[in-house]
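Examination of the molecular architecture
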Amino acid sequence: MNAPDNSLLVRQQLYRDMDPHHLTPLWEVLHALVPPRPATPCVPAHWKYDEVRPFLMRAGEAITAEEAVRRVLILENPALRGQSAITQSLYAGLQLILPGEVAPSHRHSQSALRFIVEGSGAYTAVDGERTTMRPGDFIITPSWTFHDHGSDASGPVVWLDGLDIPMVRFFDAGFAENGTARSQQVTRTEGTSMARYGHNMVPVRHDAPFGVTSPIFSYPYERSREALERLERDAPVDEWDGVKLRYVNPLTGGYPMPTMATFMQKLPAGFSGKGWRQTDGAVYSVVEGSGSVEVESGDKRWRFDFAPRDHFVIPSWHTARLSSAGGCMLFSFSDRPVHRALGLLKEERLT
Ligand code: GTQ
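Keep in mind the model is a prediction, meaning the values are calculated, not measured.

Helix and strand content of the chain: 8 helices and 23 strands. Projected onto its principal axes, the C-alpha positions of the chain cover 80 × 50 × 50 Å. Scored against the burial criterion, the 351 residues of the chain give a buried share of 49%. Across the chain, contacts joining residues at least 24 apart in sequence account for 75% of those joining residues at least 6 apart.

Written out as structure tokens, the structure reads:
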């Protein structure tokens, strides 16, 4: 004990007396408030698609897309149950749409990304333009744009929803409203945005149609995949990441959304990556191939062996290593743009 008995009593009396006045002593919590390094409550977690898919299909029988508005199973971090969050700042869920269904039009301040996991032929409509979904495509719903989803497919279509819901909740900055029509009227031909902004050219006199968000709604998998395959063949492979590219807003070269960064990476066959850690916790969707991720924090260790359509999360400042015997393709997203904007981004690559 480093205080005489009477000072402990004096302190306890002080705490009791000031408590009704909503006052609390900093010195009791200072260590937890400014920890020496990030001390996230989040844990690494893995959702195997084989295990998740039957629940999605049961959800398809239990409720229609129309009634649910969005028929989604939320991927909740095991350490954040009840918070609808996969990390402290990010939301992730798997959305199912069945043939002929419509998820009605609405808009909200939260930005959303879609990463197509299974099935082809559903569409999402953003600002009067429809985009067809194919596996591996990365699609954006900018903040405050009306969007509805529908399906002319012959089977179920499932995609990963990534939203900044916890971040917007943290800032108490969320607004939302329903559209007047179930599905919005189509006012532009599919592919117009891609032709305008997606070919390394932009209109001569343009405004950024969605402000700080990319004017491209869809980043098709075939193009990302072609780039990564070519780089695997023709350029040095990074010892930590394999071959990894960041998706961009073609108007700025920056992130496609203000709050979320997205990446696609290819681990070559036989890849055994070095460890790294970063302040931005990241969510992964396995596109093709299989592999494993080893995660470490303090004296705790995790190892996930992943297969196509699996999802996993690596929390902030956890050391991770990726490897793959047969090669694989991984999509991921994180809150990196916010870390960067606030001067908080930190990365460490172990050698
Ligand atoms: O598709 O608009 O997973 O508003 C959560 C909230 C999807 C959507 C989610 C949403 C949406």
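Moving on, we come to the packing of aromatic side chains. For the structure on display, the rule yields 11 aromatic pairs. Ring geometry for Tyr15 against Trp27: centres 6.2 Å apart, planes inclined by 45°, an arrangement best described as tilted. Within this pair, whereas Tyr15 is found in helix 1 (residues 5-18), its partner Trp27 is found in the loop between helix 1 and helix 2 (30-33), the two being separated by 12 residues in sequence. Overall, Trp27 belongs to the exposed group, its relative accessible area being 54%. A network of ring pairs unites the aromatic residues Phe115, Phe138, Tyr219, Tyr247 and Phe331 as a single cluster.

A separate point is the side chain of Ser151. Relative to the helices and strands, Ser151 resides in strand 9 (residues 147-151). Residue classification places Ser151 among the buried residues on the basis of a relative accessible area of 3%. Those residues within four positions of Ser151 in sequence are excluded, and the remaining contacts are Ile97, Leu98, Pro99, Gly100, Glu101, Gly121, Ala122, Tyr123 and Val157.

For the rest of this paragraph, the subject is the layout of surface pockets. One number sums up the size of the largest pocket: a volume of about 760 Å³. In terms of lining, the largest pocket is formed by 22 residues, of which the most central are Gln88, Ser89, Asp335, His339 and Leu344. Looking at the lining of the largest pocket, the elements with two or more residues in it are helix 2, helix 5 (165-170) and helix 8 (336-341). When grouped by side-chain class, the residues that make up the lining of the largest pocket number 13 nonpolar, 8 polar and 1 charged. Empty space within the second largest pocket amounts to approximately 500 Å³. If you trace the second largest pocket, you find 21 residues lining it, with Gly198, Tyr219, Arg223, Tyr247 and Val248 closest to the centre.

The positions UniProt marks with the feature "domain: Cupin type-2" (unreviewed entry) are residues 94-161. The annotated region residues 94-161 carries 0% helix and 60% strand content, and the separation between its end C-alpha atoms amounts to 6 Å.

With 38 residues, the main nonpolar core has Phe138, Met264, Phe331 and Phe333 as its most contacted residues. Counting residues per element, this core draws most heavily on helix 3 (residues 49-62), at 4 residues. Counting residues in each nonpolar core, the second largest holds 17 residues, with Val295, Ile314, Ala320 and Cys328 among its members.

The full set of residues close to the ligand is Arg70, Val72, Tyr91, Gln95, His106, His108, Arg114, His147, His149, Asp161 and Leu163. Between the ligand and Gln95, the relevant distance is 3.5 Å, taken from an oxygen atom to a side-chain nitrogen or oxygen of the residue. The fraction of the free accessible surface of the ligand (290 Å²) that becomes covered by protein chains is 89%. Of the residues contributing to the shell around the ligand, the split by class is 3 nonpolar, 5 polar and 3 charged.

About the cut-offs
Along each chain, the written sequence defines residue order, and numbers are assigned to residues from 1. Confidence filtering applies because this is a predicted model: local features only for residues at pLDDT of at least 70, side-chain atom pairs given and counted only at 80 or more, and all residues used for totals across whole chains, interfaces and linings. The basis for every side-chain value is the complete set of non-hydrogen atoms in the structure, without hydrogens or water. In DSSP terms, a helix is any run of H or I states spanning at least four residues, a strand is any run of E spanning at least two, and both are numbered starting from the N terminus. Burial status follows relative accessibility: with a 1.4 Å probe on protein chains alone, a residue under 20% of its type maximum counts as buried, one over 50% as exposed, and anything between as partly exposed. Contacts are assigned to residue pairs with any non-hydrogen atoms lying within 4.5 Å of each other. In this scheme Phe, Tyr and Trp rings, the latter by its six-membered ring, pair at centre separations within 6.5 Å, and the angle between planes marks the pair as stacked below 30 degrees, edge-to-face above 60, and tilted otherwise. Using protein atoms alone on a 1 Å grid, points that fit a 1.4 Å probe yet trap it form a cavity, whereas open point sets bounded by protein on both sides within 12 Å along at least five of seven lines form a pocket; residues with an atom within 4 Å of a point count as lining. Grid points are joined across faces, edges and corners, and a volume is the space filled by probe spheres set on the points. For this classification, the nonpolar set comprises Ala, Val, Leu, Ile, Met, Phe, Trp, Tyr, Cys and Pro, the charged set comprises Asp, Glu, Lys and Arg, and every other residue, Gly included, is treated as polar. UniProt positions are given in the numbering used here, feature names are shortened, and annotations may be inferred rather than shown by experiment. Among buried residues, the Ala, Val, Leu, Ile, Met, Phe, Trp, Tyr and Cys ones that are joined through side-chain atoms within 4.5 Å form a nonpolar core. Whether a residue is near a molecule or strand depends on its heavy atoms: it is near if one of them lies within 4 Å of it. Here a polar contact means two N or O atoms within 3.5 Å. Within protein one must be a hydrogen donor candidate and the other an acceptor candidate, and residues neighboring in sequence count only if both atoms are side-chain atoms. Here the accessible surface of atoms and residues is derived via Shrake-Rupley with a 1.4 Å probe, and residues count as covered only by protein chains that are part of the display.

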